[in-house]
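Tertiary structure, described
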Amino acid sequence: MMKNSSDEEEVSLGCSTLTLTPLVPESPPVRRSQPILITTNRKKGGEFLSSSHSPIPNPFPELCNLPNSSLLNGSLSSESSDKCVIKLYGEDNSFKTILVARQATAREVCHLLVQSAHYSDEENWVLLELYPTLGLERCLEDHEIVLEVQNTWSEKVKARLMFSKNYDKYEFFHKQWCFFENAMISDSEDSKKMTSTRFIQELTSYGESPQIKGFFYFKGYFKTSWKKMFFTLQRSGLYRSIKHPVTDHRHLKEFANLNVSNVYKVVDGCKLYGAPTDFSFCIKPTKSQCQVKDLKIMCAETEEMRKMWICAFRLFKCGRQIKLNYNAISEPKLAPRTPVRPKLTDGKSKTENSLVAMDFSGKAGGRIIENPTEAQNAEQEEGQAWRKREAFRFSQSNMNSEPQDFSVHETHPWFHGGLTRNEAERLIEKQGLVDGVFLMRRSHRHEKCFVLSLCHELKVKHFIVDPLLVDGKKYLTLDSGKTRFIDVLQLVEFYQINKGTLPVCLTRPCICLPL
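As the structure is a computational prediction, the values presented were derived from the model and not from experiment. (Residues numbered from 1 in each chain as written. Predicted model: local features only at pLDDT ≥ 70, side-chain atom pairs only at ≥ 80, totals over all residues. Heavy atoms only, no water.)

A count of helices and strands for the protein chain gives 13 helices and 26 strands. Scored against the burial criterion, the 515 residues of the protein chain give a buried share of 38%. For the protein chain, restricting intrachain contacts to residue pairs at least 6 apart in sequence, the fraction spanning at least 24 positions comes to 52%. Split by element, the accessible area of the protein chain, about 32,600 Å² in all, is 53% carbon and sulfur. (Helix = DSSP H or I, 4+ residues; strand = E, 2+ residues; numbered from the N terminus. Buried < 20%, exposed > 50% of the residue type's maximum accessible area, 1.4 Å probe, protein only. Contact = heavy atoms within 4.5 Å. Areas by Shrake-Rupley, 256 points an atom, 1.4 Å probe, with all protein chains shown as cover.)

What follows is the structure, given as structure tokens:
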């Protein structure tokens, strides 16, 4: 017999009675399709709990107690907002990300990298702006802000910054008297001829308004062939004219605005754009989408002409600032005053006369030798010690006829292993076609031979270094045995101070160091 009740239910099974109490009280059904309202304050045991207190303990309570915390405010501090991260590539395609100020210039970034990597020759390290797919590259000016350059890049075309050596960035200051051809430069007002030195001086000051004229090839985007045209470069811009000579300024048509454009060197212009020669350069608007139709690609007849026009474009755009940049890096650092020698030979150069003898034998550091007699004795002792080291090194390496180990040079930055001929020319061209730039590499055609790649008169020349066996002893020679060396290091050290059979001494090593 079962009896229903509002509070409990009883079930009788024979002589026993089981009482069932419902676990969950009856409640109206909840509609799952509608949101459930959660009140701000919930009641539990007569106490009101605020929803702002989390039931899970906070593991970092000190962060929530900061009144001006940048995490709670959702913004970064002013110190971190003044910094930005840039990505730089090296010659070997390695890259490095560094944190710099938003207003950091190209020279400041180079200084940071040189100091962190302990490189030497700081003034010759530069930042290159590269467009690999378009074959464009240019050297950033020292005063350019790196972040502003990156902001001009388009997302459609990949661009990068490369940290590299460059010896010809300020070459026109070193050869002012012969850098520009006198027949191409003149005064824009009366068309009087001027010298190369005066031309550079006028562009780097607030003087007169010179101009440079000449022919080079140009092909429009919708054209199928290259056409040789006459161009005139002035402070106001680059102009072209079909008629030559130009007798009236009305015949000139504006071709490019210097204030909103940059000039680039074109790599593999024959392959990419069908240029008639390998000496192409390009004018690209600063704020462009980097499409081919926006590029104004031109082609010179020689490397000398291309280099001349690119440097002229830079000087016309910001010549005075470039002069200030050059003065900043060429100023000598503060050094102890050197004593004046009483007698100087006429054959010595000004740089050699400015050298001073130093003594590093003590524990306290080096000291300047003031006494001329003591300095002369120190020079003789150093020369004798060097000859003894070379003689010992020579005798040790030629004691028997066993194969000689030439691996001593592999630790030097001017040695580039199995670099090919084209790769060597491309690397030297990127670091500057300046007389004396060189590198050493292994020969791919001749076994156990080396190749010296040297730049002279804007051309890269290659010299074979042959092994030589004399009286059972192994040597290396560059001139068919007239001058013999025991290894590559001795050969390079010799030709750095002696021209010998080479057209010029080895003065500037082509260095490719990882970041």
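This brings us to the sheet that holds strand S26 (residues 508–509). An order of S25-S24-S23-S22-S21-S26 is seen for the six strands of this open sheet, with the pairing classed as mixed. Edge positions in the open sheet fall to strand S25 (484–485) and S26, since each of these has one partner strand only. Bridge analysis of strand S21 (residues 437–442) against S26 gives two bridges, and the strand direction is parallel. Its bridge partner lying in S26, Phe438 is registered against Pro509. (Pairing = 2+ DSSP bridges.)

Core analysis: the biggest nonpolar cluster contains 38 residues, and Phe180, Ile212, Leu238 and Trp309 have the highest contact counts within it. When contributions to this core are tallied by element, the ones reaching two or more residues are helix H6 (171–174), helix H7 (196–203), strand S12 (210–218), strand S13 (227–234), strand S15 (253–256), strand S17 (280–285) and helix H9 (303–330). Aside from chain neighbours lying at most four places away, what touches Leu238 is Phe231, Thr232, Leu233, Lys253, Glu254, Phe255, Ala256, Ile283, Met298 and Trp309. With 21 residues, the next largest nonpolar core counts Ala104, Ala106, Tyr119 and Leu147 among its residues. (Core = buried A, V, L, I, M, F, W, Y, C linked by side-chain atoms within 4.5 Å.)

Within the structure shown, the criterion is met by one cavity of 30 Å³ or more. Its volume calculated, the largest cavity comes out at about 50 Å³. Taken together, Phe216, Leu233, Leu238, Val263, Phe281, Ile283, Met298, Trp309, Ile310 and Phe313 make up the lining of the largest cavity. Broken down by secondary-structure element, the contributors of at least two residues to the lining of the largest cavity are S17 and H9. With three residues, H9 is the largest single contributor of residues to the lining of the largest cavity. Residues that form the lining of the largest cavity fall into these classes: ten nonpolar, no polar and no charged. (1 Å grid on protein atoms, 1.4 Å probe; cavity = no way out; pocket = protein on both sides within 12 Å on 5 of 7 lines; lining within 4 Å. Points joined across faces, edges and corners; volume = space filled by probe spheres on them. Nonpolar A, V, L, I, M, F, W, Y, C, P; charged D, E, K, R; others polar.)

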